[in-house]
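Remarks on the overall topology
Below are the chains, spelled out letter by letter.
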Amino acid sequence: MPQQTKVKLVLNTAFSAKIVQRSLKVSAVVGTILIVINHGEALLAGNIEPQRLIKMALTYCVPYLVSTYSAVSTTLENNHP
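Everything quoted here is computed from the prediction, not taken from an experiment. (Residues numbered from 1 in each chain as written. Predicted model: local features only at pLDDT ≥ 70, side-chain atom pairs only at ≥ 80, totals over all residues. Heavy atoms only, no water.)

Ranked by size, the top nonpolar core spans five residues in total: Ala 14, Ile 19, Ala 71, Val 72 and Leu 76. Filtering out sequence-adjacent residues up to four positions away, Ala 71 remains in contact with Ile 19 and Arg 22. (Core = buried A, V, L, I, M, F, W, Y, C linked by side-chain atoms within 4.5 Å. Buried < 20%, exposed > 50% of the residue type's maximum accessible area, 1.4 Å probe, protein only. Contact = heavy atoms within 4.5 Å.)

As structure tokens, this is what we get:
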């Protein structure tokens, strides 16, 4: 399979509604747990500066990307052995 076709297949799979919805759900749950673990004390103390907000937003990106990668890999393996 040509590289360009493979990239297109991966991107189409990654942005499919089913995978995006599942990844958003995983990100919401796991990201929130990580934020409570990593920033809970600061949140309770009301110590929320812009730099911390950026870190908190990025905390949601990691589980989203991991979930998406896993779903795309599994989908492509099962559909294109």
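Turning our attention to the packing of helix α1 (residues 3–14) against helix α3 (residues 50–79). Look at α1 against α3: their axes get within 9 Å of each other, and the N-to-C directions meet at 120 degrees. As judged from the angle between their axes, α1 and α3 are oblique. In terms of crossing hand, the pair formed by α1 and α3 is right-handed. Contacts between α1 and α3 involve Leu 9, Val 10, Thr 13 and Ala 14 from the first element and Thr 68, Val 72, Thr 75 and Leu 76 from the second. (Axes fitted to C-alpha atoms, helices over the stretch in contact; angles between N-to-C directions. Helix = DSSP H or I, 4+ residues; strand = E, 2+ residues; numbered from the N terminus. Parallel < 35°, antiparallel > 145°, perpendicular 65-115°, else oblique. Left-handed = near helix turned anticlockwise from the far one by under 90°.)

The predicted coordinates of low-pLDDT regions are not to be read in fine detail. With 98% of its residues at a pLDDT of 70 or more, the protein chain has an overall mean of 94. When mean pLDDT is compared element by element in the protein chain, helix α2 (residues 17–45) scores highest at 97, while α1 scores lowest at 91. (pLDDT = per-residue confidence, 0-100.)

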